[in-house]
Amino acid sequence: MDDALLVHRLQFAFTIAFHYLFPQLTMGLSLLIVLLKAMAFRAGHERYNVAARFWGKIFAINFALGVVTGIPMEFQFGTNWARFSTFAGGVIGQTLAMEGVFAFFLESSFLGLFLFGEKKLGPRGHFVAAFLVFLGSWISGYLIVATNAWMQHPVGYEVAHDGSVQLASFWGLLLNPWAGWQYVHTMGGAVVTSAFVMAAVGAYFLLANREAEYGRVFVRVGVVAGLFASIFELFPSGDAQGKNVLQHQPATFAAMEGLFETKEGAELVLIGQPDMEKLKIDNPIHVPKLLSYLTYYRWSAEVKGLDAFPREQWPTNIPLLYYSYHIMVGLGTIFIAIMVASVFLLWKRTLYSARWALWILMLSFPFPYIANTAGWFTAELGRQPWLVYGLLRTAEGTSHTVSAGNALFTLLGFLGMYFVLGVLFLLLVIKKINVGPEASPHAKH
Amino acid sequence: MEILWFVIVTFMITMYVVLDGFDLGVGIVHLIVGKNDDERRLTLKTIGPVWDANEVWLLAAAGTLYFAFPRLYASSFSGFYLPLIIVLWLLMLRGLGIEFRHQVDHSMWRLFWDVVFSLSSVLLAIFFGAALGNVVRGVPLNKDGYFFEPLWTTFTVVPEAGILDWFTILIGFVAFCTLMLHGSHYISMKTEGTIQKRSRSAAASAWWGTFFTSLAALIATSSIRPETWNNFSEHQWGYIFPVTGMLGLGGAYYFRVRRNDTAAFLSSATFITSMLASTAFGLYPNVLPSSIDASHSLTVHQAAASEYGLRVGIVWWTAGIGLAVGYFSYVYRSFRGKVSGQPEESGY
């Protein structure tokens with residue numbers, strides 16, 4: 001890998017991983033805010049409106065950070081990946097432009113109304129504004145996932161005479177079979193993050209003996225939404241997405257699972273480090289035959305290992321891919337355990353006073369961020385060495401006029417800028433949480 | 001079909017410049033029209049609910065450009081690598097300035113973010129102008145349709161020029177003065193009293209600045225790229241754009257003196273729109289002229305996506321933009337009128 005390619009990849013990976021910290025919260029939170037507004041309607045209690053306003057402020061900060069870190073993503077398709085854009089812009093330009101036209105205008109206009117216009121809109125109008133913000137962010141999510149799905153599994157295109165690909169079927173692109181499960185899996189992950197964050201803030205209020213009324217609402221909404229979402233991540237969405245990978249990127253599937261040899265009754269590796277010299281897993285802890293069963297629903301089914309594929313079809317960085325996937329799945333399993341236990345305590349009416357459980361809820365909010373990030377690492381590393389699977393290699397997609405030195409200059413700049421953004425963001429969110437929902441019971445100050 | 005999309009992309013970019021232009025302009029005059037904390041808070045409040053949505057036009061315009069002219073997007077964004085990334089950083093700093101100033105109640109904190117906001121707005125206006133200047137002047141496109149420009153070389157207009165030379169810096173100053181004028185009109189329209197008075201006088205200086213820099217730019221363009229005028233002499237109806245532009249600039253003067261701030265704001269919006277339309281008209285069919293060899297220039301036809309893709313796009317674009325115009329008029333109607341000092345619903 002030459003220097004320029006490495007720097008272009010690092011810059012994209014860093015800026016997108018940082019960017020995705022914000023949308024994963026806003027996409028999930030927009031749904032939970034709609035839920036809170038719906039509860040305000042049903043229960044007719046002002047408490048839920050106050051709660052929605054409080055989360056609206058947290059949403060707004062995350063949204064602003066999502067926008068300012070999102071613009072560089074769109075720009076980098078041109079600035080750093082010019083040959084990819086020349087090659088594939090005729091196809092993925094569709095979904096990216098649609099995101100701008102359909103999602104961003106909707107989201108940003110109604111977010112302004114949601115935050116500034118509660119009095120003018122009245123309760124019903126305010127609910128509609130919250131709903132439209134939710135709709136906009138979920139449309140945005142779909143169009144980005146559809147773009148990525150096309151890179152994972154290109155459909156609906158034709159090759160033009162200049163070698164670029166052009167759109168051949170609009171609905172083919174939009175209804176890519178890869179996109180459906182990837183979308184709901186991504187959005188489910190976003191709901192997990194926001195549910196854990198909401199529960200963590202609620203747990204903090206309860207543990208700190210302040211704003212207990214809101215603490216209980218946040219914990220309750222957080223753990224119930226978290227339970228549904230984290231189960232949904234495993235089954236059906238995670239399972240179905242794994243089948244997608246198995247069908248369309250079989251070598252990637254083997255690498256994710258750490259399966260080097262093709263075998264009948266393949267084991268599911270839980271823990272162990274891939275050794276790329278000896279092509280085996282070190283100190284493995286595994287469950288015999290489980291991988292065969294999960295993949296084909298037969299204990300003795302044959303699962304293809306990496307040895308079934310020529311080396312040039314192997315993903316570029318197998319250990320990192322393997323770890324990303326295992327971190328995602330491992331954390332996802334722990335999330336289910338935490339949420340099942342919490343909902344059980346909630347049902348027994350002891351959750352609000354079970355301090356140990358509240359401590360766990362409060363401290364576990366960073367992990368969904370890690371799991372979501374690891375999930376995207378799995379998708380993106382799994383696609384390598386391809387930028388567009390089977391059509392364009394990553395090395396052939398960079399801007400070859402941009403030298404390694406110039407790219408490094410901007411990478412360092414992004415590191416510095418995002419460090420500042422991150423620090424200010426944390427200060428601000430901590431401040432908002434500490435002010436608490438009750439500080440401004442009527443309108444936002 | 002390509003021509004239609006050329007018009008649409010020009011329209012989207014123009015919308016961005018007119019809308020985000022006034023809040024950039026507010027940034028330019030921020031430290032002049034507001035002298036104390038309260039006044040500066042009020043100035044910011046005029047753009048509070050809308051600046052984020054205005055900036056979304058940049059994303060939407062870039063997305064549409066990417067969709068309709070992928071080769072142009074790839075070539076210009078990689079060629080303008082450094083200034084574009086710097087613009088991104090400035091946009092971030094500017095957003096931070098707006099959103100963080102009111103978070104801590106301390107005069108030094110607020111002063112710091114006021115200066116960050118204003119300085120980044122000034123630099124953005126100049127950079128956007130310089131970018132436009134580069135497109136007019138031409139860039140060193142090679143035969144594969146790519147190029148790379150350092151930030152500057154010798155500051156003279158040579159084939160291997162950098163982003164900044166005397167011509168593009170001149171266009172940068174045109175943009176600076178124009179957006180300062182536009183932003184000052186916006187503040188005069190949205191405020192009363194001292195702030196309004198100061199922003200009217202800022203508009204007066206900005207008007208003369210716009211007048212003289214535009215005149216200089218007109219002369220410079222004619223000497224550097226005389227072919228800009230070819231389209232106008234071949235299709236004389238095109239003169240409608242620069243003529244409307246002059247009327248807009250004249251109107252800005254006339255209505256400011258008559259204290260009709262809304263009409264003055266609309267006049268500066270007309271000036272911006274017409275001047276960008278004139279530039280696009282003069283460029284066509286090129287979208288990115290080559291400064292090395294005219295045969296390397298990218299034209300709308302070479303840069304466009306396939307016919308099928310563009311036809312499909314017309315359908316969803318029309319629907320989407322219709323909706324967006326609906327939201328925007330609704331939002332602007334909801335926040336119409338002057339801002340006041342009362343601590344009612346102000347967000348945050």
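Bear in mind that the values here come from a model prediction, so they are computed numbers and not experimental data.

## Let's talk about the overall build of chain A
- Broken down by element type, chain A carries 14 helices and 8 strands.
- Principal-axis analysis of the C-alpha atoms gives chain A an extent of 65 × 50 × 40 Å.
- Sorting the 445 residues of chain A into buried and exposed places 54% on the buried side.
- Restricting to contacts in chain A with at least 6 residues of sequence separation, those with at least 24 account for 74%.

## As for unusual backbone geometry
Residues and elements named next belong to chain A.
- Residue Gln384 is joined to Pro385 through a cis peptide bond whose omega torsion reads 5 degrees.
- Take Pro385: it is sitting in the loop between helix 13 (366–383) and strand 7 (386–388).
- Non-glycine residue Glu211 carries a positive phi angle of around 50 degrees.
- Its location among the elements puts Glu211 in the loop between helix 7 (177–207) and helix 8 (212–248).

## Thoughts on the interface of chain B and chain A
- Taken together, the contact pairs 56 residues of chain B with 55 residues of chain A.
- Sorting the residues of the side of chain B that touches chain A by element identifies helix 3 (51–68), helix 4 (70–79), helix 5 (81–100) and helix 13 (307–334) of chain B as the ones contributing at least two each.
- Per-element accounting of the side of chain B that touches chain A gives the leading share, 13 residues, to helix 13 of chain B.
- Residue composition of the side of chain B that touches chain A, grouped by class: 38 nonpolar, 13 polar and 5 charged.

## A look at the pairing of strand 5 (residues 280–287) of chain A
- Where strand 4 (residues 268–275) of chain A meets strand 5 of chain A, 6 bridges bridge the pair, whose relative direction is antiparallel. From the neighbouring strand, Asp275 of chain A faces strand 5 of chain A, where its bridge partner is Lys280 of chain A.

## Some words on the packing of helix 8 (residues 193–224) of chain B against helix 10 (residues 240–257) of chain B
Residue and element names in this part refer to chain B.
- The N-to-C vectors of helix 8 and helix 10 enclose an angle of 155 degrees; their axes lie 11 Å apart at closest approach. As judged from the angle between their axes, helix 8 and helix 10 are roughly antiparallel. Remark: the crossing between helix 8 and helix 10 carries left-handed chirality. Contacts from Arg200, Ala203, Ala204, Trp207, Thr210 and Phe211 in helix 8 reach Leu249, Ala252, Tyr253 and Arg256 in helix 10.
- Looking at the contact of helix 8 with helix 10, its residues break down into 7 nonpolar, 1 polar and 2 charged.

## Quick look at helix 12 (residues 355–363) of chain A
Residues and elements named next belong to chain A.
- When helix 12 is considered as a whole, its buried residues turn out to be Ala357, Leu358, Leu361 and Met362. For helix 12, the arc enclosing every buried residue in end-on projection is 135 degrees, short of the 170-degree limit, so these residues lie on one face. In helix 12, those exposed residues whose orientation departs by more than 90 degrees from the buried face are Trp356 and Leu363.

## Looking at helix 11 (residues 261–283) of chain B
- Relative to the 33 Å expected for 23 residues at 1.5 Å per residue, helix 11 of chain B spans 33 Å between its end C-alpha atoms, a close match to the ideal helical length.
- For helix 11 of chain B, the buried fraction is high: 17 of the 23 residues fall into the buried class.

## With respect to the packing of helix 4 (residues 82–116) of chain A against helix 4 of chain B
- The N-to-C vectors of helix 4 of chain A and helix 4 of chain B enclose an angle of 145 degrees; their axes lie 8 Å apart at closest approach. Of the two elements, helix 4 of chain A crosses helix 4 of chain B, and the hand of that crossing is right-handed. Seen from helix 4 of chain A, the contacting residues are Ala82, Ser85, Thr86, Gly89, Gly90 and Gly93 of chain A; seen from helix 4 of chain B, they are Pro70, Arg71, Tyr73, Ala74, Ser75, Phe77 and Ser78 of chain B.

The rules we used
Residues numbered from 1 in each chain as written. Chains lettered and ligands numbered in written order. Predicted model: local features only at pLDDT ≥ 70, side-chain atom pairs only at ≥ 80, totals over all residues. Helix = DSSP H or I, 4+ residues; strand = E, 2+ residues; numbered from the N terminus. Buried ≥ 20, exposed ≤ 12 C-beta atoms within 10 Å, placed from the backbone. Contact = placed C-beta atoms within 7 Å. Nonpolar A, V, L, I, M, F, W, Y, C, P; charged D, E, K, R; others polar. Pairing = 2+ DSSP bridges. Axes fitted to C-alpha atoms, helices over the stretch in contact; angles between N-to-C directions. Parallel < 35°, antiparallel > 145°, perpendicular 65-115°, else oblique. Left-handed = near helix turned anticlockwise from the far one by under 90°. Arc of directions from axis to C-beta. Expected span 1.5 Å × (residues − 1).

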